[in-house]
Amino acid sequence: MKILAIESSCDETAAAVVEDGRKVLSSVVASQVEEHRLYGGVVPEIASRRHAEAIVPVVSQALEQANLTLENIDALAVTYAPGLIGALLVGVNFAKGLSLSTGLPLVPVHHLRSHIASNYISNKKLKPPFLCLVVSGGHSHIVMVEDYTKMKIIGRTRDDAAGEAFDKAARTMGMPYPGGIELDKVAESGDPHAFKLPRPTVHDAPYDFSFSGLKTAVINLLHNSAQKGVELNKADVCASFRYAVVDCLCTNFLKAANDLNVEKLVIAGGVSANSLLRRTLSQECEKRGMKFYMPDKSLCGDNAAMVGAQGYYEYLAGKTAGADLNAYATMSIEE
Ligand code: KG4
Ligand code: ZN
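Residues numbered from 1 in each chain as written. Chains lettered and ligands numbered in written order. Predicted model: local features only at pLDDT ≥ 70, side-chain atom pairs only at ≥ 80, totals over all residues. Heavy atoms only, no water.

Another aspect to go through is the environment of L25. The topology assignment puts L25 in strand β3 (residues 23-31). Sequence separation between L25 and A66 is 41 residues; the distance between their C-alpha atoms is 5.2 Å. Those residues in contact with L25, other than ones at most four positions away along the chain, are K2, V17, V18, E19, Q65, A66 and L68. (Helix = DSSP H or I, 4+ residues; strand = E, 2+ residues; numbered from the N terminus. Contact = heavy atoms within 4.5 Å.)

The following block contains the structure:
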(Lines give C-alpha, C1' and ligand atoms only; values in the text may rest on other atoms or scores of the structure.)
(Ligands and ions follow the chains in the order given, each with its own letter.)
Protein backbone atom coordinates (compact mmCIF):
# COMPACT_ATOMS: atom_id res chain seq x y z
CA MET A 1 0.00 0.00 0.00
CA LYS A 2 1.46 3.37 -1.05
CA ILE A 3 0.69 6.41 1.07
CA LEU A 4 1.34 10.02 0.06
CA ALA A 5 2.02 11.85 3.33
CA ILE A 6 2.07 15.56 4.18
CA GLU A 7 3.58 17.35 7.20
CA SER A 8 3.30 21.08 8.01
CA SER A 9 3.01 21.27 11.81
CA CYS A 10 5.87 23.71 12.45
CA ASP A 11 8.55 25.14 10.15
CA GLU A 12 9.10 22.31 7.68
CA THR A 13 6.87 21.70 4.67
CA ALA A 14 7.29 18.03 3.85
CA ALA A 15 5.83 15.33 1.63
CA ALA A 16 6.77 11.69 1.16
CA VAL A 17 5.62 8.45 -0.40
CA VAL A 18 5.87 5.42 1.90
CA GLU A 19 5.05 1.82 1.09
CA ASP A 20 3.48 -0.45 3.73
CA GLY A 21 4.57 1.81 6.57
CA ARG A 22 8.25 0.89 6.31
CA LYS A 23 9.72 1.63 2.89
CA VAL A 24 10.37 5.25 1.92
CA LEU A 25 9.96 5.74 -1.83
CA SER A 26 10.59 9.49 -1.61
CA SER A 27 10.90 12.18 1.05
CA VAL A 28 11.07 15.92 0.46
CA VAL A 29 11.58 18.48 3.24
CA ALA A 30 11.51 22.24 2.58
CA SER A 31 12.84 23.96 5.68
CA GLN A 32 12.01 27.55 6.60
CA VAL A 33 14.58 27.65 9.38
CA GLU A 34 16.82 30.28 7.74
CA GLU A 35 13.98 32.81 7.74
CA HIS A 36 12.82 32.11 11.32
CA ARG A 37 16.44 32.30 12.51
CA LEU A 38 16.32 36.07 11.88
CA TYR A 39 13.76 36.30 14.71
CA GLY A 40 15.34 33.76 17.08
CA GLY A 41 12.42 31.33 16.80
CA VAL A 42 9.47 30.26 14.67
CA VAL A 43 7.12 33.12 13.72
CA PRO A 44 3.73 31.38 13.24
CA GLU A 45 2.38 33.83 10.66
CA ILE A 46 5.49 33.48 8.48
CA ALA A 47 5.35 29.69 8.86
CA SER A 48 1.77 29.52 7.51
CA ARG A 49 2.60 31.73 4.53
CA ARG A 50 5.69 29.70 3.59
CA HIS A 51 3.76 26.41 3.89
CA ALA A 52 1.08 27.77 1.53
CA GLU A 53 3.80 28.65 -1.01
CA ALA A 54 5.75 25.41 -0.68
CA ILE A 55 3.05 22.76 -0.41
CA VAL A 56 2.31 22.30 -4.14
CA PRO A 57 5.95 22.04 -5.32
CA VAL A 58 6.91 19.84 -2.33
CA VAL A 59 4.08 17.33 -2.94
CA SER A 60 4.84 17.31 -6.71
CA GLN A 61 8.51 16.64 -5.99
CA ALA A 62 7.67 13.77 -3.65
CA LEU A 63 5.61 12.08 -6.39
CA GLU A 64 8.29 12.79 -9.01
CA GLN A 65 11.11 11.40 -6.88
CA ALA A 66 9.11 8.23 -6.27
CA ASN A 67 8.46 8.02 -10.02
CA LEU A 68 4.73 7.86 -9.35
CA THR A 69 1.55 9.77 -10.15
CA LEU A 70 -1.53 10.17 -7.95
CA GLU A 71 -3.04 7.16 -9.74
CA ASN A 72 -0.44 4.93 -8.08
CA ILE A 73 -1.27 6.21 -4.58
CA ASP A 74 -3.64 4.25 -2.30
CA ALA A 75 -4.21 6.74 0.53
CA LEU A 76 -3.26 10.20 1.82
CA ALA A 77 -1.94 10.89 5.32
CA VAL A 78 -1.61 14.29 6.94
CA THR A 79 -0.44 15.69 10.28
CA TYR A 80 -3.51 17.28 11.92
CA ALA A 81 -2.31 17.82 15.55
CA PRO A 82 -0.55 19.08 17.62
CA GLY A 83 1.36 22.07 16.24
CA LEU A 84 0.97 25.65 15.06
CA ILE A 85 -2.67 25.90 14.04
CA GLY A 86 -2.15 28.08 10.96
CA ALA A 87 0.68 25.83 9.79
CA LEU A 88 -1.29 22.60 10.35
CA LEU A 89 -4.29 24.01 8.49
CA VAL A 90 -2.26 24.42 5.30
CA GLY A 91 -1.40 20.71 5.17
CA VAL A 92 -4.85 19.57 6.33
CA ASN A 93 -6.73 21.70 3.80
CA PHE A 94 -4.41 20.69 0.98
CA ALA A 95 -4.84 17.00 1.84
CA LYS A 96 -8.62 17.40 2.09
CA GLY A 97 -8.73 19.01 -1.36
CA LEU A 98 -6.57 16.24 -2.80
CA SER A 99 -8.75 13.60 -1.19
CA LEU A 100 -11.93 15.19 -2.56
CA SER A 101 -10.55 15.48 -6.08
CA THR A 102 -9.01 11.99 -6.24
CA GLY A 103 -11.39 10.03 -4.02
CA LEU A 104 -8.40 8.70 -2.03
CA PRO A 105 -8.98 7.92 1.65
CA LEU A 106 -7.61 10.55 4.04
CA VAL A 107 -5.79 9.48 7.23
CA PRO A 108 -5.23 12.05 10.01
CA VAL A 109 -1.96 11.52 11.89
CA HIS A 110 -0.86 12.79 15.34
CA HIS A 111 2.54 14.48 15.10
CA LEU A 112 4.13 12.70 18.07
CA ARG A 113 2.82 9.33 16.93
CA SER A 114 4.55 9.96 13.61
CA HIS A 115 7.83 10.75 15.40
CA ILE A 116 7.56 7.34 17.09
CA ALA A 117 6.86 5.74 13.68
CA SER A 118 10.15 7.08 12.27
CA ASN A 119 11.57 4.07 14.12
CA TYR A 120 9.58 1.63 11.96
CA ILE A 121 11.45 3.00 8.93
CA SER A 122 14.90 2.82 10.55
CA ASN A 123 14.31 -0.48 12.37
CA LYS A 124 12.37 -2.74 10.02
CA LYS A 125 11.74 -5.45 12.62
CA LEU A 126 10.61 -3.16 15.44
CA LYS A 127 7.07 -3.87 16.64
CA PRO A 128 5.10 -2.70 19.68
CA PRO A 129 4.87 -3.11 22.60
CA PHE A 130 7.76 -0.87 23.68
CA LEU A 131 8.47 2.12 25.89
CA CYS A 132 9.30 5.30 23.98
CA LEU A 133 10.97 8.53 25.06
CA VAL A 134 9.49 11.19 22.77
CA VAL A 135 11.58 14.35 22.98
CA SER A 136 11.03 17.28 20.64
CA GLY A 137 10.95 21.05 20.61
CA GLY A 138 7.45 21.10 22.07
CA HIS A 139 7.10 17.83 24.03
CA SER A 140 8.92 15.47 26.39
CA HIS A 141 6.95 12.31 27.08
CA ILE A 142 7.56 8.77 28.21
CA VAL A 143 4.98 6.77 26.27
CA MET A 144 4.00 3.13 26.54
CA VAL A 145 3.33 2.12 22.95
CA GLU A 146 1.04 -0.85 23.55
CA ASP A 147 0.19 -1.22 19.88
CA TYR A 148 0.74 0.86 16.72
CA THR A 149 -2.26 3.04 17.53
CA LYS A 150 -2.67 2.45 21.26
CA MET A 151 -0.51 4.59 23.55
CA LYS A 152 -0.41 5.53 27.20
CA ILE A 153 1.51 8.47 28.68
CA ILE A 154 3.67 7.32 31.59
CA GLY A 155 5.53 10.59 32.20
CA ARG A 156 5.66 14.10 30.79
CA THR A 157 7.35 17.45 31.32
CA ARG A 158 5.65 19.82 33.75
CA ASP A 159 7.12 22.91 32.07
CA ASP A 160 9.64 23.24 29.21
CA ALA A 161 10.25 20.51 26.65
CA ALA A 162 13.81 19.17 26.42
CA GLY A 163 14.32 20.72 22.97
CA GLU A 164 13.02 24.06 24.19
CA ALA A 165 15.49 24.00 27.11
CA PHE A 166 18.35 23.17 24.73
CA ASP A 167 17.32 25.98 22.37
CA LYS A 168 16.99 28.60 25.15
CA ALA A 169 20.33 27.70 26.74
CA ALA A 170 21.95 27.82 23.29
CA ARG A 171 20.37 31.20 22.53
CA THR A 172 21.83 32.65 25.75
CA MET A 173 25.23 31.52 24.46
CA GLY A 174 24.63 33.35 21.16
CA MET A 175 23.95 30.28 19.02
CA PRO A 176 21.45 30.67 16.17
CA TYR A 177 17.98 29.05 16.32
CA PRO A 178 17.44 26.12 16.74
CA GLY A 179 20.51 26.00 18.98
CA GLY A 180 20.05 22.45 20.31
CA ILE A 181 21.97 21.00 17.38
CA GLU A 182 24.96 23.33 17.74
CA LEU A 183 24.99 23.02 21.54
CA ASP A 184 25.27 19.25 21.06
CA LYS A 185 28.24 19.69 18.68
CA VAL A 186 30.08 22.18 20.91
CA ALA A 187 29.46 19.95 23.97
CA GLU A 188 31.45 17.12 22.38
CA SER A 189 34.76 18.85 23.22
CA GLY A 190 33.73 20.05 26.71
CA ASP A 191 33.92 18.63 30.25
CA PRO A 192 30.44 17.53 31.44
CA HIS A 193 31.57 17.82 35.09
CA ALA A 194 32.98 21.37 34.80
CA PHE A 195 29.83 23.03 36.22
CA LYS A 196 27.41 21.58 38.75
CA LEU A 197 23.85 21.95 37.51
CA PRO A 198 20.68 20.73 39.24
CA ARG A 199 18.74 17.58 38.32
CA PRO A 200 15.18 18.74 39.03
CA THR A 201 12.62 16.07 39.93
CA VAL A 202 8.86 16.25 40.39
CA HIS A 203 7.52 15.30 43.82
CA ASP A 204 5.44 12.11 43.77
CA ALA A 205 5.79 11.79 39.98
CA PRO A 206 9.04 9.87 39.36
CA TYR A 207 8.56 9.70 35.57
CA ASP A 208 7.75 13.39 35.03
CA PHE A 209 10.34 15.94 33.97
CA SER A 210 10.96 19.59 34.81
CA PHE A 211 13.49 21.49 32.72
CA SER A 212 12.67 25.13 33.42
CA GLY A 213 14.77 25.28 36.64
CA LEU A 214 17.71 23.65 34.91
CA LYS A 215 17.40 26.11 32.02
CA THR A 216 17.28 29.04 34.49
CA ALA A 217 20.32 27.66 36.34
CA VAL A 218 22.48 27.68 33.22
CA ILE A 219 21.18 31.10 32.13
CA ASN A 220 22.02 32.49 35.61
CA LEU A 221 25.47 30.93 35.45
CA LEU A 222 26.08 32.67 32.11
CA HIS A 223 24.63 36.04 33.17
CA ASN A 224 26.45 36.12 36.54
CA SER A 225 29.80 35.38 34.97
CA ALA A 226 29.17 38.00 32.23
CA GLN A 227 28.38 40.61 34.93
CA LYS A 228 31.62 39.76 36.70
CA GLY A 229 33.51 39.91 33.42
CA VAL A 230 34.55 36.27 33.79
CA GLU A 231 34.66 34.30 30.57
CA LEU A 232 33.41 30.73 30.87
CA ASN A 233 34.59 27.93 28.66
CA LYS A 234 31.65 27.57 26.25
CA ALA A 235 32.30 23.89 25.49
CA ASP A 236 32.31 23.11 29.23
CA VAL A 237 29.00 24.96 29.79
CA CYS A 238 27.43 23.13 26.82
CA ALA A 239 28.76 19.76 27.99
CA SER A 240 27.58 20.30 31.60
CA PHE A 241 24.11 21.41 30.48
CA ARG A 242 23.74 18.59 27.95
CA TYR A 243 24.83 16.07 30.57
CA ALA A 244 22.24 17.41 33.04
CA VAL A 245 19.34 17.24 30.52
CA VAL A 246 20.32 13.78 29.27
CA ASP A 247 20.81 12.57 32.85
CA CYS A 248 17.24 13.65 33.78
CA LEU A 249 15.80 12.05 30.62
CA CYS A 250 17.66 8.75 31.03
CA THR A 251 17.10 8.40 34.79
CA ASN A 252 13.30 8.65 34.50
CA PHE A 253 13.12 6.65 31.27
CA LEU A 254 15.18 3.76 32.66
CA LYS A 255 13.28 3.83 35.96
CA ALA A 256 9.95 3.62 34.10
CA ALA A 257 11.26 0.71 31.98
CA ASN A 258 12.42 -1.08 35.12
CA ASP A 259 9.18 -0.49 37.07
CA LEU A 260 6.98 -1.50 34.13
CA ASN A 261 9.14 -4.49 33.30
CA VAL A 262 9.69 -3.38 29.70
CA GLU A 263 12.75 -4.64 27.87
CA LYS A 264 12.35 -2.79 24.57
CA LEU A 265 13.26 0.92 24.61
CA VAL A 266 12.88 3.42 21.78
CA ILE A 267 13.59 7.15 21.36
CA ALA A 268 11.95 9.62 18.96
CA GLY A 269 11.64 13.34 18.14
CA GLY A 270 14.11 16.09 17.27
CA VAL A 271 16.11 15.69 20.50
CA SER A 272 16.59 11.96 19.79
CA ALA A 273 19.35 13.16 17.42
CA ASN A 274 21.34 14.23 20.50
CA SER A 275 24.69 12.40 20.49
CA LEU A 276 24.96 11.98 24.27
CA LEU A 277 21.37 10.73 24.60
CA ARG A 278 21.97 8.14 21.87
CA ARG A 279 25.30 7.01 23.37
CA THR A 280 24.06 6.88 26.96
CA LEU A 281 20.91 4.87 26.23
CA SER A 282 22.78 2.50 23.89
CA GLN A 283 25.29 1.77 26.66
CA GLU A 284 22.76 1.59 29.52
CA CYS A 285 20.44 -0.74 27.57
CA GLU A 286 23.32 -2.98 26.61
CA LYS A 287 24.43 -3.17 30.27
CA ARG A 288 20.89 -4.11 31.35
CA GLY A 289 20.31 -6.60 28.52
CA MET A 290 17.53 -4.43 27.07
CA LYS A 291 16.88 -3.86 23.37
CA PHE A 292 17.32 -0.25 22.24
CA TYR A 293 16.12 1.36 19.00
CA MET A 294 16.54 4.86 17.60
CA PRO A 295 15.65 6.55 14.32
CA ASP A 296 18.35 7.43 11.76
CA LYS A 297 19.52 10.96 12.49
CA SER A 298 17.98 12.05 9.17
CA LEU A 299 14.52 11.02 10.46
CA CYS A 300 14.70 12.62 13.94
CA GLY A 301 13.53 16.07 12.83
CA ASP A 302 10.18 16.83 11.22
CA ASN A 303 9.58 14.99 7.94
CA ALA A 304 6.69 13.39 6.09
CA ALA A 305 8.15 9.88 5.76
CA MET A 306 7.30 9.27 9.42
CA VAL A 307 3.74 10.53 8.75
CA GLY A 308 3.43 7.97 5.96
CA ALA A 309 4.69 5.25 8.30
CA GLN A 310 2.22 6.02 11.10
CA GLY A 311 -0.52 6.76 8.54
CA TYR A 312 -0.28 3.17 7.33
CA TYR A 313 -0.98 1.76 10.79
CA GLU A 314 -3.73 4.31 11.48
CA TYR A 315 -5.33 3.28 8.16
CA LEU A 316 -5.14 -0.41 9.09
CA ALA A 317 -6.83 0.50 12.40
CA GLY A 318 -9.68 2.09 10.41
CA LYS A 319 -8.88 5.72 11.18
CA THR A 320 -9.91 7.79 8.17
CA ALA A 321 -11.48 11.26 8.00
CA GLY A 322 -13.86 13.14 5.76
CA ALA A 323 -14.02 16.71 4.48
CA ASP A 324 -14.90 17.89 8.00
CA LEU A 325 -11.40 17.05 9.30
CA ASN A 326 -10.01 19.93 11.39
CA ALA A 327 -6.53 20.75 12.70
CA TYR A 328 -5.82 21.06 16.45
CA ALA A 329 -3.04 23.00 18.17
CA THR A 330 -3.07 20.57 21.10
CA MET A 331 -4.10 16.94 21.36
CA SER A 332 -3.02 14.08 23.59
CA ILE A 333 -1.05 11.27 21.97
CA GLU A 334 -3.49 8.88 23.64
CA GLU A 335 -6.51 10.05 21.60
O1 KG4 B 1 10.81 17.11 16.59
P2 KG4 B 1 11.35 18.42 16.16
O3 KG4 B 1 12.07 18.50 14.85
O4 KG4 B 1 10.22 19.50 16.12
C5 KG4 B 1 9.16 19.48 17.03
O6 KG4 B 1 8.22 18.67 16.80
O7 KG4 B 1 9.28 20.23 18.01
O8 KG4 B 1 12.31 18.90 17.32
C9 KG4 B 1 13.04 20.07 17.23
C10 KG4 B 1 13.89 20.23 18.47
C11 KG4 B 1 14.56 21.59 18.56
O12 KG4 B 1 14.36 22.09 19.86
C13 KG4 B 1 16.03 21.26 18.31
O14 KG4 B 1 16.94 22.13 18.94
C15 KG4 B 1 16.11 19.88 18.92
O16 KG4 B 1 14.93 19.24 18.49
N17 KG4 B 1 17.32 19.15 18.46
C18 KG4 B 1 18.33 18.79 19.28
C19 KG4 B 1 19.29 18.15 18.46
N20 KG4 B 1 18.82 18.13 17.19
C21 KG4 B 1 17.60 18.76 17.21
N22 KG4 B 1 18.50 18.95 20.60
C23 KG4 B 1 19.63 18.47 21.14
N24 KG4 B 1 20.59 17.85 20.44
C25 KG4 B 1 20.46 17.66 19.10
N26 KG4 B 1 21.43 17.04 18.41
ZN1 ZN C 1 8.33 17.25 15.55
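Here the narrative resumes, following the displayed structure.
Most of strand β5 (residues 106-110) sits out of view: 5 of its 5 residues are buried. Neither face of β5 is open: one carries L106, P108 and H110, the other V107 and V109, and all of them are buried. As a crossover connection, the stretch from strand β4 (residues 75-81) through helix α3 (residues 85-102) into β5 is right-handed. (Buried < 20%, exposed > 50% of the residue type's maximum accessible area, 1.4 Å probe, protein only. Right-handed = clockwise from strand over helix to strand, strands pointing away.)

Spatially, β8-β7-β6-β9-β10 is the arrangement adopted by the 5 strands of the open sheet, whose pairing is mixed. This sheet does not close on itself; its edge strands, each paired only once, are β8 (150-156) and β10 (291-293). Taking the axes of each pair of neighbouring strands and ignoring which way they run, one obtains an average angle of 25° across the sheet. Two strands pair when backbone bridges link them, and strand β6 (residues 130-135) and strand β9 (residues 264-268) are joined in this way by 4 bridges, in the parallel orientation. Paired with L133 across the two strands is I267, which belongs to β9. (Pairing = 2+ DSSP bridges. Axes fitted to C-alpha atoms, helices over the stretch in contact; angles between N-to-C directions.)

Further remarks concern the sheet that holds β4. As summarised here, the arrangement of the 5 strands in space is β3-β2-β1-β4-β5, forming an open sheet in which the pairing is mixed. Edge positions in the sheet fall to β3 and β5, since each of these pairs with one other strand and no more. Sheet twist, expressed as the average angle between the axes of neighbouring strands with direction ignored, equals 20°. Taken together, the 8 bridges between strand β2 (residues 12-19) and β3 define a ladder with antiparallel strand orientation. When the bridges of β3 are listed, A15 appears paired with V28.

Generally speaking, a soluble globular protein has its nonpolar side chains buried in company with each other. Counting residues in each nonpolar core, the largest one holds 48 residues, and the members touching the most others are L133 and F241. Elements represented by at least two residues in this core include exactly β6, β7 (140-147), α5 (162-172), α6 (180-187), α7 (212-227), α8 (234-260), β9 and α9 (275-288). Looking at this core, the element that brings in the most residues is α8, giving 14 residues. Other than its neighbours up to four places away in sequence, L133 contacts H141, I142, F209, L249, F253, V266, I267, A268, L277 and L281. (Core = buried A, V, L, I, M, F, W, Y, C linked by side-chain atoms within 4.5 Å.)

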